[in-house]
Amino acid sequence: DKARLEALYGREVELADREAVELGADGILDSAKEQDVAFLVVGDPFSATTHSDLQLRARRRGVRVEVVHNASVMNAVGSTGLQLYRFGETVSIVFFTETWRPDSFYDKILDNRARGLHTLCLLDIRVKELTVEALCSGRKEYEPPRFMSVNTAVEQLLEVEARRG
């Protein structure tokens, strides 16, 4: 909750989604040359390429960067009891649509399995996704948030398995 964060930090907090960060990175970095700017994220800051890019651009501009790492699924997976060094490549399983059913994740799972490695599967999260109509018309109309369940991921894995035989 924004008000609670502002009370905690004693200053204004600006909520920024991915689009705001990607399109407003120059403004963020310009401000950081003149004053301290904090960029808070959910999870580890370097699990997302947007955050890595922001750090690299800041350093190129001579902006001092201090990183405080946070917990994320990438390091929390160790709490499963599985040994981290026995994990292969991590994969993302995205929601299928009627016209888009990517299955490259499946090959990576098979490759990991053939090498005797576990696979961490990141399940799709759809937050602030433009509707098809909005994409066509240039309007800002968003689909409701969706979070992939394990059941949906398994159904999609079974579909890929059936399709490939």
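Q: Explanation requested: the packing of aromatic side chains in the structure shown.
A: Where two aromatic rings form a pair, the distance of their centres and the angle of their planes describe that pair. All chains considered together, the criterion is met by 0 aromatic pairs. Looking at Arg 146, its charged tip hangs above the ring of Phe 95, at a distance of 3.8 Å from the centre.

Q: Hey, could you run me through the pattern of salt bridges in this one?
A: Between side chains of opposite charge, a pair can form as their charged atoms come close. Under the criterion given, the structure shown has 18 salt bridges. Residue Lys 108 is joined to Glu 89 by a salt bridge in which the shortest nitrogen-to-oxygen separation is 3.4 Å. Highlighted residues: Lys 108 in helix H5 (residues 104-114) and Glu 89 in the loop between helix H4 (73-76) and strand S1 (91-93), separated in sequence by 19 residues. Take Lys 108: its relative accessible area is 32%, and that puts it in the partly exposed class. Here the residues in one salt-bridge network are Arg 101, Asp 103, Asp 107, Glu 159, Arg 163 and Arg 164, joined through shared partners.

Q: Sorry if this is basic, but what is going on with unusual backbone geometry here?
A: Note: most residues except glycine have negative phi, and most peptide bonds are trans. Positive phi values are uncommon outside glycine, yet Lys 128 reaches one of about 60°. Of note, Lys 128 is situated in the loop between strand S3 (125-126) and helix H6 (132-137). By relative accessible area, which is 42% here, Lys 128 ends up partly exposed.

Q: Could you clarify how one ought to interpret the side chain of Gln 55 in this entry?
A: With respect to the helices, strands and loops of the structure, Gln 55 is situated in helix H3 (residues 49-60). Leaving out residues up to four positions away in the same chain, Gln 55 has contacts with Phe 46, Val 65 and Val 67.

Q: Honestly, the packing of H5 against helix H7 (residues 150-164) in this entry has me stumped. Any pointers?
A: Any two packed helices are characterised by the angle at which their axes cross and by the distance between the axes. It is the contact of H5 with H7, at a shortest axis distance of 10 Å, that shows an interaxial angle of 85°. By the criterion of interaxial angle, the relationship of H5 to H7 is roughly perpendicular. Contacts between H5 and H7 involve Phe 105, Tyr 106, Asp 107 and Ile 109 on the former and, on the latter, Leu 157, Val 160, Glu 161 and Arg 164. Classifying every residue of the contact of H5 with H7 gives 5 nonpolar, no polar and 3 charged.

Q: Looking at this structure, I do not really get the nonpolar core. What am I missing?
A: Inside soluble globular proteins, nonpolar side chains tend to come together where they are buried. Ranked by size, the top nonpolar core spans 10 residues in total: Val 91, Ile 93, Phe 95, Phe 96, Phe 105, Tyr 106, Ile 109, Met 148, Ala 153 and Val 160. Mapped onto this core, the elements with two or more residues apiece are S1, H5 and H7. Examining the composition of this core, we find that 3 residues originate from one element, H5, more than from any other. Not counting chain neighbours up to four residues away, the residues in contact with Phe 105 comprise Val 91, Ser 92, Ile 93, Phe 96, Leu 157 and Val 160. Of all hydrophobic cores here, the second largest spans 6 residues; its members include Val 21, Leu 54, Ala 58 and Val 63.

Q: Quick question: what am I supposed to make of the environment of Ala 25 here?
A: Looking at the element boundaries, Ala 25 is found in helix H2 (residues 18-34). Note: C-alpha distance between Ala 25 and Arg 57 (32 residues apart in sequence) is 8.8 Å. Excluding residues within four positions of it along the chain, Ala 25 makes contact with Ala 20, Leu 54 and Arg 57.

Conventions adopted
Residues numbered from 1 in each chain as written. Predicted model: local features only at pLDDT ≥ 70, side-chain atom pairs only at ≥ 80, totals over all residues. Heavy atoms only, no water. Phe/Tyr/Trp six-rings, centres within 6.5 Å; stacked < 30°, edge-to-face > 60°. Lys NZ or Arg CZ within 6 Å of the ring centre and 35° of its normal. Salt bridge = Lys/Arg side-chain N within 4 Å of Asp/Glu carboxyl O. Helix = DSSP H or I, 4+ residues; strand = E, 2+ residues; numbered from the N terminus. Buried < 20%, exposed > 50% of the residue type's maximum accessible area, 1.4 Å probe, protein only. Contact = heavy atoms within 4.5 Å. Axes fitted to C-alpha atoms, helices over the stretch in contact; angles between N-to-C directions. Parallel < 35°, antiparallel > 145°, perpendicular 65-115°, else oblique. Nonpolar A, V, L, I, M, F, W, Y, C, P; charged D, E, K, R; others polar. Core = buried A, V, L, I, M, F, W, Y, C linked by side-chain atoms within 4.5 Å.

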